[in-house]
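Okay, here's what each chain looks like letter by letter:
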Amino acid sequence: MKSDVSRPGERDHLAADYSYYYTLLQETFDQMNDYKPSQLGDEIETSTIEVDEEDEGKQEVKTKGLKEILTSLLLIEEQEKSDKDEWDKAQEEDKMMLEANHKKKTKAMLDYQSECQQYDDILDQTNRVRKRKSRAATTAAIASTAVVAVDLDNNPNQKTSGGAPVAATGPQRRLWVKTRSKDWWDKCNSPDFPDQDFRKAFRMGKDTFEMICNELTSVVAKENTMLRDAVPVRQRVAVCIWRLATGEPLRLVSRRFGLGISTCHKLVLEVCSAIKNVLMPKYLQWPDDESTTMIKDEFASVSGIPNVVGSMYTTHIPIIAPKISVAAYFNKRHTERNQKTSYSITVQGVVDPRGVFTDVCIGWPGSMPDDQVLEKSALHQRATGGLLKDVWIVGSSGYPLMDWVLVPYTQPHLTWTQHAFNEKIGEIQRVAKDAFARLKGRWSCLQKRTEVKLQDLPVVLGACCVLHNICEMRNEEIDPELMIELMDDEMVPEAALRSAIAMKVRDSIAHNLLHHNHAGTSFLS
């Protein structure tokens, strides 16, 4: 790149010359303007003007000076144009050099990233090969042990290398298993174990636990093998329920039940899957026509609002930061309130007057507001298909007002009629909120970040909802000490009013509540 250090000084010099010649030229034009031929009058007509040699010499000097001035001005203009071209050329060279350096650095960074990726791929491939060889060696050792055991069973008089006969003792475990204490589970499984203590450990009585085991036996039961005895059904179900009830880490579950950590993890997922497939169709379903009529009557007796078939609420379940789509699961509101980075997934549920779930939508990212979760749910699809016509599902202010979703008034400066309506609709909304409080209180795993993978979490959460319904239907009371206060922030949606007809119907319901003595007066206090 060319250096142009002296250019500013040269420009100042040229500017000074230009100013001088411009002043000289201006004086010349002023003198020429002072010369007025009309002043000569009649003298031009009567006499001949004689020009002295001295005047001619002065005129020539002035003409020559004028030419020099014009020439200098042209030179100055050409010089400025030349300087500008050089400056633009230098700027273009600098720009090209910067772009070349940027492309060079970018290429170097991409090459480095590619090398790192190739190195990671090589490491992953090496680890896979090492694990494959390890599994193959383990399988070969197990197979050889089993072959030796079969030979001993077929030849009970076979002698060892020392010549002593080997006694035939019948089928035994052929695989070494670490001995773990099962004292705690043996006590719980004993008929003499107090029902109160059993209820405290598993959040349900023995009869309810027995019913669940009977329902799941055909799905979760395993047969004994020559290598090891299968875990009994009751213990399998107990591992899952105790893990959901306490939320304790798998290492503590392993100590309680005398099983391996990986075995406990596998049992939890298997039993939760069985609950979802076997029990959910029986204990978590949308009500039929007869049940719908009963639900309407119960809600109407509580609030005075007709045609309500459910109370809806959405809560958040904390999770460990996922490896993909981290921003989607980031919970901004919980992070700001707790001053700690929080990630979550959502659980949307509709409950009947008893707090039993009739519909759930599980697994959408925690960054989504309640109205967007509702739009993604099967419940919204059912309503769009016309299956929720002429009925209401009551929601909080986080949901929009639609033809089938009834929400409170949210604008400022409410009238008495609107206050009364909000009070009554709040009583219905409280049914769903209390149900979720019991759900999270009964199954403590929902209150803390779990070790379950994100793709397996919806199955676990669905199992918790089914078990909640079973406990509610069988009148299993929850310990008051387990109840928690929900801290789910509600955000008013951008389009809070999505149906003009629903607005008129809501106003009519609010009017009827106030003028037919269904509304309370606590809003006046």
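Residues numbered from 1 in each chain as written. Predicted model: local features only at pLDDT ≥ 70, side-chain atom pairs only at ≥ 80, totals over all residues. Heavy atoms only, no water.

Going by what an unreviewed UniProt entry lists, the protein chain is known as Harbinger transposase-derived nuclease and is assigned to Cynara cardunculus var. scolymus. The heading Subcellular location (unreviewed entry) in the UniProt record of the protein chain holds the text "Nucleus". The heading Cofactor (unreviewed entry) in the UniProt record of the protein chain holds the text "a divalent metal cation". (UniProt positions renumbered as here; feature names shortened; annotations may be inferred.)

*Asks:* Go over the packing of aromatic side chains, please, and point to the residues and values.
*Replies:* How two aromatic rings sit relative to each other is given by the distance of their centres and the angle of their planes. One pass over the structure, following the stated rule, counts 12 aromatic pairs. Here tryptophan 184 and phenylalanine 257 contribute two aromatic rings whose centre-to-centre distance is 5.4 Å and whose plane-to-plane angle is 80°, an arrangement assigned as edge-to-face. Residue tryptophan 184 is found in helix α4 (residues 183–188), and its partner phenylalanine 257 is found in helix α8 (residues 250–257); the two are separated by 73 residues along the sequence. Of the residues examined, phenylalanine 257 reaches a relative accessible area of 0% and is grouped as buried. A centroid spacing of 5.1 Å and a plane angle of 75° characterise the contact between phenylalanine 357 and phenylalanine 436, whose relative ring orientation is edge-to-face. Of the two residues, phenylalanine 357 sits in strand β3 (residues 357–365) while phenylalanine 436 sits in helix α15 (residues 416–442), which places them 79 residues apart along the sequence. Across this residue pair, the class does not change: phenylalanine 357 and phenylalanine 436 are buried. The structure contains a cluster of three or more aromatic residues connected by ring pairs, namely Trp184, Trp185, Phe198, Phe202, Phe209, Trp242 and Phe257. Lying across the ring of tryptophan 286, arginine 382 places its NZ or CZ 5.1 Å from the centre. It is arginine 506 that lies over the ring of tyrosine 409; its NZ or CZ is 4.0 Å from the centre. (Phe/Tyr/Trp six-rings, centres within 6.5 Å; stacked < 30°, edge-to-face > 60°. Helix = DSSP H or I, 4+ residues; strand = E, 2+ residues; numbered from the N terminus. Buried < 20%, exposed > 50% of the residue type's maximum accessible area, 1.4 Å probe, protein only. Lys NZ or Arg CZ within 6 Å of the ring centre and 35° of its normal.)

*Asks:* Lay out unusual backbone geometry with the relevant residues and their values.
*Replies:* Even without being glycine, serine 325 reaches a positive phi, approximately 50°. Along the chain, the position of serine 325 falls in the loop between β1 (308–319) and α11 (326–329). Positive phi, close to 55°, is recorded for glutamine 339, a residue that is not glycine. Its location among the elements puts glutamine 339 in the loop between α12 (332–338) and β2 (343–351).

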